[in-house]
Amino acid sequence: MTLIGWMWFGLGVLAFISGLGGLMMSSLMDVLRANPPKNTAPLDGIWNYYRQAAVVQVVLALFTAFTAYNFVRRKPWARIGIQFFSVLTGLWFVGFGIFWVCTTSSLAAAPGSEQVATAARIFMSVAGGVMMTALATVFGFCAWFIGRPAVKDEFQPANQAKAGS
């Protein structure tokens, strides 16, 4: 349980740092919004909402780290929060995996490189699909584990004295 809590705390901190980097990079988005790269149809919305997405990421990251800290302290609401974040993250990996496979399998080949491009598309699609499935499974398992009755019992007020042990 403590490992899950500290893992989520670390993920929250990393997401916070990433969000701050995104806010710093958002100044470049003005340039990209005025002159977007060609052939990036799946990413067109990013150029318009990059700064807002970075702000949302920073806020969610802080809330995730705060929730994880309280999960380690065995607060009942934090167990529900971490379980929610686990389900949400697992679903995100499923969605991103589908996006990844669809995007990489539809990449166009440059003339004369069809065989290499076909092999690269297959490799990128399979590798990305396997990785996203593995990550979704990890977070799905985390959500399932946190929902078990024995784990719920640890978060009851009578058992909170054991927190930190």
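Each chain carries its own residue numbering, running from 1 in the written order of its sequence. The predicted nature of this model means local features are confined to residues of pLDDT at least 70 and side-chain atom pairs, given and counted, to a pLDDT of 80 or more, with totals for whole chains, interfaces and linings taken over all residues. With hydrogens and water stripped out, all remaining heavy atoms of the structure feed into the side-chain values.

Peer 1: I would appreciate a short explanation of the layout of surface pockets in the present structure.
Peer 2: One way to see where empty space is left: roll a probe the size of a water molecule over the atoms. Using a 1 Å grid laid over the protein atoms alone, points where a 1.4 Å probe fits but cannot get out form a cavity; open sets with protein on both sides within 12 Å along at least 5 of 7 lines form a pocket; any residue with an atom within 4 Å of a point counts as lining. Grid points are joined across faces, edges and corners, and a volume is the space filled by probe spheres set on the points. Of the voids in this model, the largest pocket is the one considered here, and its volume is about 730 Å³. Taken together, 19 residues line the largest pocket, and the ones lying closest to its centre are Ala15, Gln57, Leu60, Thr89 and Trp92. Helix numbers and strand numbers start at the N terminus; a helix is a DSSP run of H or I with at least 4 residues, a strand a run of E with at least 2. Contributing elements (two or more residues each) for the lining of the largest pocket: helix H1 (2-34), helix H2 (44-72) and helix H3 (76-105). Side-chain classes follow a simple rule in which Ala, Val, Leu, Ile, Met, Phe, Trp, Tyr, Cys and Pro form the nonpolar group, Asp, Glu, Lys and Arg form the charged group, and the remainder, Gly included, forms the polar group. Residue classes in the lining of the largest pocket are distributed as 14 nonpolar, 5 polar and no charged.

Peer 1: Help me understand the pattern of salt bridges, please; the structure alone is not making it clear to me.
Peer 2: Note that side chains of opposite charge can pair when their charged atoms are close. Basic side-chain nitrogens of Lys or Arg form a salt bridge, by our definition, when they fall within 4 Å of a carboxyl oxygen of Asp or Glu. Throughout the structure, instances matching the rule amount to 1 salt bridge. The partner of arginine 74 in a salt bridge is glutamate 154, with the nearest N and O atoms 3.0 Å apart. Note that arginine 74 is positioned in the loop between H2 and H3 and glutamate 154 in helix H5 (residues 149-154), a separation of 80 residues in sequence. For every residue, the accessible area obtained with a 1.4 Å probe (protein chains only) is divided by the maximum for its type, and the residue is called buried under 20%, exposed over 50%, and partly exposed between those limits. On the accessibility criterion, arginine 74 (6% relative accessible area) is buried.

Peer 1: Help me out: how do you make sense of the packing of aromatic side chains in this one?
Peer 2: Aromatic ring pairs are reported here in terms of the distance separating the ring centres and the angle at which the planes meet. In this scheme Phe, Tyr and Trp rings, the latter by its six-membered ring, pair at centre separations within 6.5 Å, and the angle between planes marks the pair as stacked below 30 degrees, edge-to-face above 60, and tilted otherwise. Scanning the entire structure with this criterion turns up 14 aromatic pairs. When the centroid spacing of 5.9 Å and the interplanar angle of 75° are considered together, the rings of phenylalanine 63 and phenylalanine 85 count as edge-to-face. Within this pair, whereas phenylalanine 63 is found in helix H2, its partner phenylalanine 85 is found in helix H3, the two being separated by 22 residues in sequence. Put simply, the rings of Trp8, Phe63, Phe84, Phe85, Trp92, Phe93, Phe96, Phe99, Trp100 and Phe139 touch in pairs and so form one group of aromatic residues. Both a distance and an angle decide whether a charge sits over a ring: NZ of Lys or CZ of Arg must be within 6 Å of the ring centre and within 35 degrees of the ring normal. Taking the ring centre of phenylalanine 155 as reference, the NZ or CZ of arginine 74 above it sits at 5.8 Å.

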